[in-house]
Amino acid sequence: EKIGENLTPRQWIPYTDRMDYLAAMNMNLGWSLVVEKLLDHELSDKAKHLRVIISELGRIASHLVGMGAYGLDLGTFSPFLYAFRERELVLDLFEEYCGARLTYNAMRIGGLPLDIPSGWDRKVRAFCDVMDSKLPEYEELLTNNRIWLQRTRGIGVISGEEATALGLCGPPLRGSGVYRDVRKDEPYAAYDEFEFDVPLGTKGDTYDRYLIRLEEFRQSLRIIRQAVDGLPEGPVMGKVPRLIKPKAGETYHAVESPKGELGFFIISDGRSTNPYRLRVRPPSFCNLQGLKPLIIGHMVADVVALIGTIDIVLGEVDR
């Protein structure tokens with residue numbers, strides 16, 4: 001945050017990559033949107049659709065790491081290998097688009113730096129088909145696995161009221177049955193143009209949070225297909241001044257990152273090209289507050305399962 005107050009908005013985009021480095025595209029998007037909101041800048045339709053596609057691919061890649069590593073923590077090795085197999089396909093798409101596989105610097109204030117390469121949309125559709133065909137494998141390995149059920153069902157139960165009071169967000173909050181998704185409640189990019197469901201849990205335990213992420217794979221694929229099929233023509237970058245100096249004011253904007261609500265708060269004094277004040281509301285940091293109430297009454301061995309079900313990234317916690 002303090003580094004961001006000493007850089008221009010464009011210069012700070014690569015720093016957002018380093019927060020949730022497993023969903024860096026979503027980090028780039030959140031920062032770009034808050035600056036655009038302060039500038040009253042309207043994006044082109046094509047940029048909105050491409051941002052949705054890229055963000056949902058990032059959500060899938062992040063959930064694959066979370067689910068694979070979570071399974072590894074609980075002693076199931078195969079899902080880890082399966083998840084990283086599909087994640088490589090997402091990273092191939094990102095590499096073809098922007099040349100990077102982990103930290104991307106792939107959003108720009110005003111849109112996107114590059115249009116998609118020729119045939120990239122067809123490869124995205126092909127990935128959706130592959131991912132769809134692999135989801136039954138994950139379910140066969142985990143959903144009804146006796147050991148998996150013993151380690152997750154009834155473990156770390158948290159009510160919707162308590163989860164809300166703690167400020168939880170994303171899958172940990174929706175796993176407790178609370179309907180909260182920024183994409184639905186405060187639509188950004190082109191999310192209001194697409195049909196998708198927000199999966200909710202019923203018991204609020206570790207198993208429900210696993211099922212939420214599994215269903216979010218399907219919903220992300222559903223969104224991506226709609227966005228690709230309806231991809232409009234036009235520019236991907238709008239007209240933004242080379243020297244960005246927003247008018248005096250303050251604003252907050254949030255996106256639904258794979259971990260939950262990622263919000264940026266920015267204040268401009270109207271004189272400097274740097275933000276006067278910059279504040280990040282990171283989902284991992286907020287969700288980590290839920291660890292203490294989740295572990296009370298459980299075995300030490302269950303702590304591994306409970307940390308995994310929160311799915312934190314420490315770059316976002318420490319930032």
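Here the structure is shown first, and the text comes after it.
### Let's talk about the packing of helix H3 (residues 45-73) against helix H10 (residues 206-229)
Then comes step 1: Look at H3 against H10: their axes get within 9 Å of each other, and the N-to-C directions meet at 155°. In terms of axis orientation, H3 runs roughly antiparallel to H10. Considering only the axes of H3 and H10, their crossing is left-handed. In this structure, H3 uses His-49, Val-52, Ile-53, Glu-56, Leu-57, Arg-59, Ile-60, His-63, Leu-64, Met-67 and Tyr-70 to contact H10, whose residues at the interface are Thr-206, Tyr-210, Arg-213, Leu-214, Glu-216, Phe-217, Ser-220, Leu-221, Ile-223, Ile-224, Ala-227 and Val-228.
Then comes step 2: Classifying every residue of the contact of H3 with H10 gives 15 nonpolar, 4 polar and 4 charged.

### As for the environment of Leu-57
Then comes step 1: In this structure, Leu-57 sits in helix H3.
Then comes step 2: It is 17 Å that separates the C-alpha atoms of Leu-57 and Gly-111, two residues lying 54 residues apart in sequence.
Then comes step 3: If we ignore the near neighbours within four places in the chain, the residues touching Leu-57 are Val-90, Leu-93, Phe-94, Trp-120, Val-124, Phe-127 and Ile-224.

### Things to note about the layout of surface pockets
Then comes step 1: Within this model, the largest pocket holds a volume of roughly 230 Å³.
Then comes step 2: Surrounding the largest pocket, Leu-33, Glu-36, Lys-37, His-41, Glu-42, Leu-43, Lys-48, Pro-187, Tyr-188, Ala-189 and His-253 form its lining.
Then comes step 3: Ranked by residue count, the leading element in the lining of the largest pocket is helix H2 (residues 24-39), at 3 residues.
Then comes step 4: In terms of residue class, the lining of the largest pocket is built from 5 nonpolar, 2 polar and 4 charged.
Then comes step 5: Considered as a void within the structure, the second largest pocket measures approximately 190 Å³ in volume.
Then comes step 6: Lining the second largest pocket, in full, are Tyr-21, Leu-22, Val-65, Gly-66, Ala-69, Tyr-70, Asp-73, Ile-307, Gly-308, Asp-311, Ile-312 and Val-313.
Then comes step 7: For the lining of the second largest pocket, the secondary structure elements donating two or more residues are H3 and helix H13 (300-310).
Then comes step 8: When residues of the lining of the second largest pocket are assigned to their parent elements, the largest contribution, 5 residues, is made by H3.
Then comes step 9: Per-class residue counts for the lining of the second largest pocket are 8 nonpolar, 2 polar and 2 charged.

### Structural notes on the packing of aromatic side chains
Then comes step 1: Taken as a whole and judged by the stated rule, the model has 13 aromatic pairs.
Then comes step 2: Measuring from ring centre to ring centre gives 4.9 Å for Phe-94 and Tyr-104, while their planes differ by 65°; the resulting arrangement is edge-to-face. Note that Phe-94 is positioned in helix H4 (residues 78-98) and Tyr-104 in the loop between H4 and helix H5 (120-143), a separation of 10 residues in sequence.
Then comes step 3: Ring centres of Tyr-97 and Trp-120 lie 5.9 Å apart, and the angle between their planes is 45°; on these two criteria the pair is classed as tilted. Pair noted here: Tyr-97 is in helix H4 and Trp-120 is in helix H5, with a separation of 23 residues, a long-range link. Per residue, the accessibility class of Tyr-97 equals that of Trp-120, and both read buried.
Then comes step 4: Every member of this aromatic cluster is reached through a ring pair, and the members are Tyr-70, Trp-148, Tyr-207 and Tyr-210.
Then comes step 5: The ring of Tyr-207 is capped by Arg-153, whose NZ or CZ atom sits 4.9 Å from the centre of that ring.
Then comes step 6: The ring of Phe-196 has Lys-184 sitting right over it, with the charged end atom 4.4 Å from the ring centre.

### Here's the deal with the nonpolar core
Then comes step 1: Among the nonpolar cores identified, the biggest contains 75 residues, and Trp-31, Ile-53, Leu-57, Ile-60, Trp-120 and Met-131 are the most heavily contacted of them.
Then comes step 2: Ranked by residue count, the leading element in this core is H3, at 10 residues.
Then comes step 3: Those residues in contact with Trp-120 that sit more than four places away from it in its chain are Ile-53, Ile-54, Leu-57, Leu-93, Glu-96 and Tyr-97.

Basis of the calculations
Going along each chain's sequence as written, the residues are numbered from 1 onward. The predicted nature of this model means local features are confined to residues of pLDDT at least 70 and side-chain atom pairs, given and counted, to a pLDDT of 80 or more, with totals for whole chains, interfaces and linings taken over all residues. Excluding hydrogens and water, the side-chain figures rest on all heavy atoms present in the structure. Axis angles are defined between N-to-C directions and span 0 to 180 degrees, where every axis is a line fitted to C-alpha atoms and, for a helix, only to the segment in contact. Put simply, DSSP marks the helices as runs of H or I at least four residues long and the strands as runs of E at least two long, and each gets a number from the N terminus on. For classification purposes, an angle smaller than 35 degrees is called roughly parallel, one larger than 145 roughly antiparallel, one from 65 to 115 roughly perpendicular, and anything else oblique. Left-handed describes a crossing whose near helix is turned anticlockwise from the far helix by less than a right angle; the clockwise case is right-handed. Throughout, a residue-residue contact means that at least one pair of heavy atoms, one from each residue, lies within 4.5 Å. Each residue is assigned to one of three groups, with Ala, Val, Leu, Ile, Met, Phe, Trp, Tyr, Cys and Pro labelled nonpolar, Asp, Glu, Lys and Arg labelled charged, and all others, Gly among them, labelled polar. Cavities and pockets are defined on a 1 Å grid built over the protein atoms alone: a cavity is a set of grid points where a 1.4 Å probe fits but cannot escape, while a pocket is an open set with protein on both sides within 12 Å along at least five of seven lines, and lining residues are those with an atom within 4 Å of any such point. Grid points are joined across faces, edges and corners, and a volume is the space filled by probe spheres set on the points. Aromatic rings from Phe, Tyr and Trp, taking only the six-membered ring of Trp, are treated as a pair when their centres fall within 6.5 Å; an angle between ring planes under 30 degrees marks them as stacked, one over 60 as edge-to-face, and anything in between as tilted. Note on classification: 1.4 Å probe, protein chains only; a residue is buried when its accessible area is under 20% of the maximum for its type, exposed when over 50%, partly exposed between these limits. As a reminder, the over-ring test applies to NZ of lysine and CZ of arginine, requiring each to be within 6 Å of the ring centre and within 35 degrees of the ring normal. Throughout this description, the term nonpolar core refers to a set of buried Ala, Val, Leu, Ile, Met, Phe, Trp, Tyr and Cys residues connected via side-chain atoms within 4.5 Å.

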